[in-house]
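Fold and geometry: a report
So you can see what is in the structure, the chains are spelled out below.
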Amino acid sequence: MKRIAVLTSGGDSSGMNACVRAVVRKALSENMDVVGIEKGYQGLIDRQYQIMTSRSVSGILQRGGTVLHSARCKAMMEEAGQKLAAENLLGLGVEGLIVIGGEGSLKGALSLSQRGIPAIGIPASIDNDIAFTDMSLGVDTALNNIIYAVDCLRDTASSHSRAFVVECMGRNSGYLTITAAVACGAEFAIIPEDPFRIDEICECLKSRYREGRDNSLIMVAEGAAKAQEIADQIKDQIGFETRLMVLGHYQRGGSPSVFDRLLGARFGVKAVDGLLQGKGGCMVGLTSGGITYTPLEEVFQAGLRPIDAAILRLAKTLVI
Ligand code: F6P
C-alpha cells in the first residue's frame, strides 16, 4: 500500500487531532503517502484535500476540534455521493481510507469498503453510542468539560438556594448525562434509557427541601426531555428558584484529556496497521483495555451501544 487518505467527519470531538497526527506519523513511518481530506465526506466529494507531512501535524496534539475540519454530508447517504467519493479516492491513487467520526461517518466507511476502497473506521463521538468500543474518542474530554461546568453551577446554586437543570448532549444516548451525574453528585439524572416521572422527582426534591437541603442539580439528557419544560415544572411544583443551563457545543471542544490523547494515538496507529494487514471494512475499538478490530457490518448489526448496566446501577444508588 503506497498511499492512504484520512478524514474527520460529523460532529467533532476532542482527540481527533491527536488521532490524525498518529495516522499521519505512523503511515509516513511505513513509507506511505497520506492525503488529508478536508471537511469530511463533503471535501471528498468536492475534492478538497492536502498532502500531509510530518510538519502538517506538528503542534496539533493538544488542540480540540479538527485541523482537517468536519462536516455533516447528506450527499454521502446516497448512492450517487458514495460513488463519486469512491471515484475521487481512486483518482487520487488512494488505496486505503481512515475515517474518524461517529455512527453516520462509519456507515460511510462501510459503503466505501463495499465499493472496493478498504476503509477503517475510528469511533469518535461524544455520544459514546457506538457498539464494540468501551469508549469513543472525545467522550472523556466531554465528561471533564461537563463536570467542570456543573461544579461551577453547584457553587452558585448553593449560594442562592436554587435548583439548576443542566442539559447535556448525547443525541439518543444518556451516557454522558448519567456518567457526569455520578461524577458530580447530581440529585437526579433524566436519560432516555430509563423512564422517569417528573411528579416523583418533584416529590423527592420537596422532601429534600423540607429536610433543609436548599439546592439541587438535575441533569437532563437532550434525548430524554425538553430541559426547559423540566425546569418550569420543578419551579411550579416546588416553588423554589430554578435556573436552566444548556451546555450545548461547549461539551465538544477544548484541549483533549490525557485519556483522549492516548486513545487517539492508539486508535490511529492501529487503524494504519489494520490497512496494512488487509482489515478494510473494520472499526477499531477499545475493549477491556486493548484495541480490537470489529467488522463494520457487525457494528451496525448490533445497533447503538446500550447504556452500561454498571453505571446505571451506580446511578440508581447514588443519584436517582
Ligand atoms: O453526535 C454528537 C452531537 O454533539 C450530539 O450529541 C448532538 O445532538 C449533535 O452532535 C449536535 O449536532 P450539531 O453539531 O450538528 O448541532
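It is worth spelling out the layout of surface pockets at this point. Any empty space left between the atoms is revealed when a probe the size of a water molecule rolls over them. Quantified by volume, the largest pocket comes out at close to 680 Å³. Residue lining of the largest pocket: 32 residues in total, with Gly10, Arg72, Gly104, Ser105 and Arg171 positioned closest to the centre. Residue classes in the lining of the largest pocket are distributed as nine nonpolar, 13 polar and ten charged. Two domains each put at least three residues into the lining of the largest pocket: domain 1 (3-138 + 256-301) and domain 2 (140-252).

The next thing to look at is the domain arrangement of the protein. One can read the domain layout of the protein as domain 1 (3-138 + 256-301) and domain 2 (140-252). Inter-centroid distance (C-alpha atoms) of domain 1 to domain 2 is 34 Å. The interface of domain 1 with domain 2 comprises 15 residues on the first partner and twelve residues on the second. Interface of domain 1 and domain 2: buried area, both sides summed, is about 1100 Å²; carbon and sulfur atoms make up 49% of it. For the domain 1 face of the interface with domain 2, the top three residues by lost area are Ile126, Asp127 and Met135, together amounting to 44%.

To continue, consider the site of the ligand. Taken together, Arg72, Ile126, Asp127, Met169, Gly170, Arg171, Glu222, His249 and Arg252 form the complete shell of residues around the ligand. The separation between an oxygen atom of the ligand and a polar side-chain atom of Glu222 is 2.5 Å. In the environment of the ligand, an oxygen atom lies 3.0 Å from a nitrogen or oxygen atom belonging to the side chain of His249. In isolation the ligand has 400 Å² of accessible area, and contact with the protein removes 74% of it. According to the grid-proximity analysis, the pocket containing the ligand is the largest pocket. Taken together, the residues of the shell around the ligand break down into two nonpolar, two polar and five charged.

Running from N to C, helix H7 (residues 198-210) and helix H8 (residues 227-238) cross one another at 50°; their axes reach a closest spacing of 10 Å. Looking at the two axes, H7 sits oblique to H8. You can see that H7 and H8 cross each other, and the crossing is right-handed. Contacts from Ile198, Asp199, Cys202, Leu205, Lys206 and Tyr209 of H7 reach H8 at Ile230, Gln233, Ile234, Gln237 and Ile238. When grouped by side-chain class, the residues that make up the contact of H7 with H8 number seven nonpolar, two polar and two charged.

Quick look at the environment of Lys316 now. With respect to the secondary-structure elements, Lys316 resides in helix H11 (residues 309-318). Remark: the alpha-carbon pair of Lys316 and Ile178, spanning 138 residues in sequence, is separated by 9.8 Å.

This brings us to the pattern of salt bridges. Across all of its chains, the model carries 18 salt bridges by this definition. Residue Arg171 pairs with Asp127 through a salt bridge whose shortest N-O separation is 3.8 Å. With Arg171 in the loop between strand S6 (163-168) and helix H6 (175-184) and Asp127 in the loop between strand S5 (119-123) and helix H5 (139-160), this residue pair connects regions lying 44 residues apart in the sequence. Here Asp308 makes a salt bridge to Arg305, at a shortest N to O gap of 3.3 Å. Arg305 sits in the buried class, given a relative accessible area of 13%. Look at the salt bridges and you will find they share partners, linking Lys26, Glu30 and Asp273 into a network.

Parameters at a glance
- Residues numbered from 1 in each chain as written.
- Predicted model: local features only at pLDDT ≥ 70, side-chain atom pairs only at ≥ 80, totals over all residues.
- Heavy atoms only, no water.
- 1 Å grid on protein atoms, 1.4 Å probe; cavity = no way out; pocket = protein on both sides within 12 Å on 5 of 7 lines; lining within 4 Å.
- Points joined across faces, edges and corners; volume = space filled by probe spheres on them.
- Nonpolar A, V, L, I, M, F, W, Y, C, P; charged D, E, K, R; others polar.
- Domains from an automatic or database assignment.
- Contact = heavy atoms within 4.5 Å.
- Buried area = accessible area lost by both parts, 1.4 Å probe.
- Near = heavy atom within 4 Å.
- Polar contact = N/O pair within 3.5 Å; in protein donor to acceptor, adjacent residues only side chain to side chain.
- Areas by Shrake-Rupley, 256 points an atom, 1.4 Å probe, with all protein chains shown as cover.
- Sits in = over half its atoms within 2 Å of the grid points.
- Axes fitted to C-alpha atoms, helices over the stretch in contact; angles between N-to-C directions.
- Helix = DSSP H or I, 4+ residues; strand = E, 2+ residues; numbered from the N terminus.
- Parallel < 35°, antiparallel > 145°, perpendicular 65-115°, else oblique.
- Left-handed = near helix turned anticlockwise from the far one by under 90°.
- Salt bridge = Lys/Arg side-chain N within 4 Å of Asp/Glu carboxyl O.
- Buried < 20%, exposed > 50% of the residue type's maximum accessible area, 1.4 Å probe, protein only.

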